[in-house]
Amino acid sequence: MEKIRSTTVLAIVHNGEVAIGADGQATMGSTVAKNHVRKIRKLLNGKIVTGFAGSTADAFTLLERFEEKLNAFGGNMKRASIELAKDWRTDRYLRRLEAMMIVADKEEALIISGTGDVLEPENGIAAIGSGSNYALSAALALKKHAPHLTAEEMVREGLTIAADICIYTNHNFVIEKPAV
């Protein structure tokens, strides 16, 4: 049986605000399995927003572990991310999970990968999934040439461009901002 996969998740930190969004498509092989998948989740009463790409079951397992780490470290997103990445790399069960996450609070966005990496993008743009390079390129151009746009507008436009190009990304977006 083929895995359900493929998506685009984009987070942007711009002018003191953060927004994260994802498309709604789930793909099984070369077939669209579902058009309205919600890949963005709020944690800690909306103070942390996460987006995931990869196997849905694996992503939810990681999301649960991340929430446990957030609670264990008093809501410190960076510390929880590092501890999750450590566990993900060393735990035999977690090591097999095929997913990536972007986590964001009101100040920053981080990418967490299964290789033990916690990446803080230099340019304030984090992108994962099959359409990530398209969304990242669009977001870089928007930050450079349209700095008057809000982070949310940039996420919407970046995802739109990715969806126009990537067959694994659709135009059914969910965009959220962390609570202040």
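Small disclaimer: the values here were computed from a predicted structure and weren't measured.

J.: Before we go on, may I ask you to explain the environment of Ala109 in this structure?
T.: With respect to the helices and strands, Ala109 occurs in strand E9 (residues 109-112). Residue classification places Ala109 among the buried positions, given a relative accessible area of 5%. Considered as a pair, Ala109 and Pro121 are 12 residues apart in the sequence and their alpha carbons are 7.6 Å apart. In this view, Ala109 contacts Ala11, Val13, Ile102, Val103, Ala104, Leu119, Glu120, Pro121 and Ala126; residues no more than four positions away in its chain are not counted.

J.: Explain the nonpolar core here, please?
T.: Note that soluble globular proteins tend to have their nonpolar side chains buried in a common cluster. Core analysis: the biggest nonpolar cluster contains 19 residues, and Leu62, Phe66, Leu70, Met77, Met101, Val103 and Ile112 have the highest contact counts within it. Those elements giving two or more residues to this core turn out to be strand E7 (48-54), helix H1 (56-72), helix H2 (77-90), strand E8 (99-104) and E9. Every residue in contact with Leu70, bar those within four places of it in the chain, is listed here: Leu43, Leu44, Ile48, Gly75, Asn76, Met77 and Ala80. Grouped together as the second largest cluster of nonpolar side chains are 18 residues, Ile12, Ile125, Leu159 and Ala162 included.

J.: Sorry, what's going on with a nonpolar patch on the surface here?
T.: Taken together, the side chains of Tyr134, Ile161 and Ile165 define a hydrophobic patch exposed on the protein surface, amounting to about 260 Å² of accessible area. Structurally, Ile165 is set in helix H4 (residues 151-165). On the accessibility criterion, Ile165 (47% relative accessible area) is partly exposed.

J.: What exactly am I supposed to notice about the sheet that holds strand E6 (residues 40-43) here?
T.: Adjacent strands of a sheet form backbone hydrogen bonds with each other and so pair up, either parallel or antiparallel. Pairing within the open sheet is antiparallel, and its five strands lie in the order E6-E7-E8-E9-E10. Bordering the open sheet on either side are E6 and strand E10 (118-119), each of which pairs with just one other strand. Across four bridges, E6 lies against E7 in antiparallel orientation. Counterpart to Ile40 in the pairing with E7 is Gly51. Along the sheet, H1 contacts E6, E7, E8 and E9; its crossing angle with E7, the most-contacted strand, is approximately 150°. The strands that H2 touches are E7, E8, E9 and E10; relative to E9, the one it contacts most, it runs at about 5°.

J.: Explain H4 to me, please; I cannot follow it from the model alone.
T.: Because an α-helix packs 3.6 residues into every turn, residues spaced three or four apart end up facing the same way. Given a rise of 1.5 Å per residue, 15 residues ought to cover 21 Å, and the 21 Å separating the end C-alpha atoms of H4 matches this to within 8%. Along H4, the positions that sit buried rather than exposed are Ala151, Met154, Val155, Gly158, Leu159, Ala162 and Ala163. What you see down the axis of H4 is that its buried residues fit within an arc of 165°, all on one side. Looking at the buried residues of H4, the elements they touch are strand E2 (8-14), strand E3 (17-22), helix H3 (132-145) and strand E12 (174-176).

J.: What is the right way to read the UniProt feature "binding site: Na(+)" (unreviewed entry) in the protein from this model?
T.: As annotated by UniProt and renumbered to match this structure, "binding site: Na(+)" (unreviewed entry) occupies Ala163, Cys166 and Thr169. Within the secondary structure, Ala163 sits in helix H4. We classify Ala163 as buried; its relative accessible area is 10%. Residues in contact with Ala163, not counting those within four places in the same chain, are Thr169, Asn170, His171 and Phe173. One can find Thr169 in the loop between H4 and E12. Apart from the residues lying within four places of it in its own chain, the contact partners of Thr169 are Thr7, Thr8, Asp23, Gln25, Ser130, Gly131, Ala162 and Ala163. There is a polar contact of 2.6 Å between the side chain of Thr169 and the side chain of Thr8.

The rules we used
- Residues numbered from 1 in each chain as written.
- Predicted model: local features only at pLDDT ≥ 70, side-chain atom pairs only at ≥ 80, totals over all residues.
- Heavy atoms only, no water.
- Helix = DSSP H or I, 4+ residues; strand = E, 2+ residues; numbered from the N terminus.
- Buried < 20%, exposed > 50% of the residue type's maximum accessible area, 1.4 Å probe, protein only.
- Contact = heavy atoms within 4.5 Å.
- Core = buried A, V, L, I, M, F, W, Y, C linked by side-chain atoms within 4.5 Å.
- Patch = residues over 30% accessible without salt bridge, like charges linked within 9 Å, V, L, I, M, F, W, Y side chains within 5 Å.
- Areas by Shrake-Rupley, 256 points an atom, 1.4 Å probe, with all protein chains shown as cover.
- Salt bridge = Lys/Arg side-chain N within 4 Å of Asp/Glu carboxyl O.
- Pairing = 2+ DSSP bridges.
- Axes fitted to C-alpha atoms, helices over the stretch in contact; angles between N-to-C directions.
- Expected span 1.5 Å × (residues − 1).
- Arc of directions from axis to C-beta.
- UniProt positions renumbered as here; feature names shortened; annotations may be inferred.
- Polar contact = N/O pair within 3.5 Å; in protein donor to acceptor, adjacent residues only side chain to side chain.

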